[in-house]
Amino acid sequence: DVKVTQSSRYLVKRTGEKVFLECVQDMDHENMFWYRQDPGLGLRLIYFSYDVKMKEKGDIPEGYSVSREKKERFSLILESASTNQTSMYLCASSTGGALETQYFGPGTRLLVL
Amino acid sequence: QKEVEQDPGPLSVPEGAIVSLNCTYSNSAFQYFMWYRQYSRKGPELLMYTYSSGNKEDGRFTAQVDKSSKYISLFIRDSQPSDSATYLCAISYGNNRLAFGKGNQVVVIP
């Protein structure tokens, strides 16, 4: 069974803080993704990585950076958290290919005060 | 125009009713068509996928694709309270990315 875990389920941070969200997958997947999910806006891709140290911007990369030093681990970094980054953050992984089945973690609900 | 359009309105149905959800898409290069189900406070999980026009059944669930109209549907027969969730359509065009609809929250009332 594919397992994607995220370091925190709930997180409360202050404006201006640096925030790290961690994601780990145990299925040796090549691809990993970070999304945010907001009511009425759906899932929006922030960044994805198709290999160690490789990354590509998604649809909304502004204000975020990522790090993938090991295949199983993909980190999302909010350099200076702002209130408009309050959201549900979802990590996913996949093997890639034409049938792009993504496996999601449980999500981190981030509140920035 | 967004790649995938899914009217995000909530849907409440009585137990046993048929639930009908749909999405439209704009890019005919899309290859695979999927439905994800997301329970409250959980991540989405793949429910069904199909890659050709026509119907695909899996128990009480039927996924339908009409490539000529760029229209995909999900039907849930004999809906149960355990089907209460958000359903997201997703479409793959083979470059390791998915285009997601906004999701429909479905509530099945006992």
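The preceding data block contains the structure.
Reading guide: rules and limits
- Residues numbered from 1 in each chain as written.
- Chains lettered and ligands numbered in written order.
- Predicted model: local features only at pLDDT ≥ 70, side-chain atom pairs only at ≥ 80, totals over all residues.
- Heavy atoms only, no water.
- Helix = DSSP H or I, 4+ residues; strand = E, 2+ residues; numbered from the N terminus.
- Rg over C-alpha atoms; globule rule 2.2 N^0.38 Å.
- Pairing = 2+ DSSP bridges.
- Buried < 20%, exposed > 50% of the residue type's maximum accessible area, 1.4 Å probe, protein only.
- Contact = heavy atoms within 4.5 Å.
- Patch = residues over 30% accessible without salt bridge, like charges linked within 9 Å, V, L, I, M, F, W, Y side chains within 5 Å.
- Areas by Shrake-Rupley, 256 points an atom, 1.4 Å probe, with all protein chains shown as cover.
- Salt bridge = Lys/Arg side-chain N within 4 Å of Asp/Glu carboxyl O.
- Core = buried A, V, L, I, M, F, W, Y, C linked by side-chain atoms within 4.5 Å.
- 1 Å grid on protein atoms, 1.4 Å probe; cavity = no way out; pocket = protein on both sides within 12 Å on 5 of 7 lines; lining within 4 Å.
- Points joined across faces, edges and corners; volume = space filled by probe spheres on them.
- Nonpolar A, V, L, I, M, F, W, Y, C, P; charged D, E, K, R; others polar.

(A) Seen up close, the overall build of chain A. Across its full length, chain A carries zero helices and 11 strands. Reading chain A from its N end, one meets helices and strands in the order β-β-β-β-β-β-β-β-β-β-β. In terms of overall dimensions, chain A is globule-like: its C-alpha atoms have a radius of gyration of 13 Å, near the 13 Å expected for 113 residues. With the principal axes as the frame, chain A shows a C-alpha extent of 40 × 30 × 25 Å.

(B) Inspection of the sheet that holds strand β3 (residues 19-25) of chain B at higher detail. All names here are of chain B. Spatial ordering of the open sheet is given by β1-β3-β8-β7-β6, a layout of five strands whose pairing is antiparallel. On the outer flanks of this sheet lie β1 (4-5) and β6 (54-58), each paired with one strand and no other. Pairing analysis gives six bridges linking β3 to strand β8 (residues 71-76), with the strands arranged antiparallel. Bridging across to β8, Asn 22 finds its partner in Ser 73.

(C) Examining the environment of Phe 33 of chain A more closely. Looking at the element boundaries, Phe 33 of chain A is found in strand β4 (residues 31-38). We classify Phe 33 of chain A as buried; its relative accessible area is 0%. Once the C-alpha coordinates of Phe 33 of chain A and Asp 59 of chain A are considered, the two residues, 26 residues apart in sequence, prove to be 12 Å apart. Once residues lying within four places of it in the same chain are set aside, the contact partners of Phe 33 of chain A are Leu 45, Tyr 47, Phe 48, Phe 74, Leu 90, Cys 91, Ala 92, Ser 93, Ser 94, Glu 100 and Gln 102 of chain A together with Asn 96 of chain B.

(D) View of the environment of Ser 20 of chain B. Inspection of the secondary structure assignment puts Ser 20 of chain B in strand β3. Separated by 49 residues in the primary sequence, Ser 20 of chain B and Ser 69 of chain B have C-alpha atoms spaced 17 Å apart.

(E) Focus on a nonpolar patch on the surface. Together, Val 12, Leu 111 and Leu 113 of chain A give the surface a local cluster of nonpolar side chains, amounting to about 260 Å² of exposed area. Inspection of the secondary structure puts Leu 113 of chain A in the segment after β11 (108-112).

(F) Representation of the nonpolar core within the structure. In this structure, Trp 35, Ile 72, Leu 74 and Tyr 87 of chain B are the most contacted members of the largest nonpolar core, which totals 24 residues. Mapped onto this core, the elements with two or more residues apiece are β3, β4 (32-38), β5 (45-50), β7 (61-66), β8, β9 (85-92) and β11 (104-109) of chain B. Beyond its immediate stretch of four places on either side in the chain, Leu 74 of chain B contacts Val 19, Ser 20, Leu 21, Trp 35, Leu 47, Met 48, Phe 61, Thr 62, Ala 63 and Tyr 87 of chain B. Listed in part, the 20 residues of the second largest apolar core include Met 32, Val 66, Cys 91 and Val 112 of chain A.

(G) Fine view of the pattern of salt bridges. Taken as a whole and judged by the stated rule, the model has 11 salt bridges over all chains. The residue Arg 37 of chain B makes a salt bridge to Glu 45 of chain B at a minimum N-O spacing of 3.5 Å. Taking the relative accessible area as the measure of exposure, Arg 37 of chain B reaches 16% and is therefore buried. Three or more residues are tied together by salt bridges with common partners; here these are Asp 28, Glu 30 and Lys 71 of chain A.

(H) Spatial organisation of the layout of surface pockets. Within this model, the largest pocket holds a volume of roughly 570 Å³. What lines the largest pocket is a set of 25 residues, among which Gln 37 and Pro 39 of chain A together with Gln 38, Thr 86 and Gln 105 of chain B lie closest to the centre. Put simply, the parts of the chain that give the lining of the largest pocket at least two residues each are β4 and β9 (87-94) of chain A together with β9 and β11 of chain B. Ranked by residues supplied to the lining of the largest pocket, first place goes to β11 of chain B with four residues. Grouping the amino acids of the lining of the largest pocket by side-chain chemistry returns eight nonpolar, 12 polar and five charged.

Purely geometric numbers; function is a separate question.
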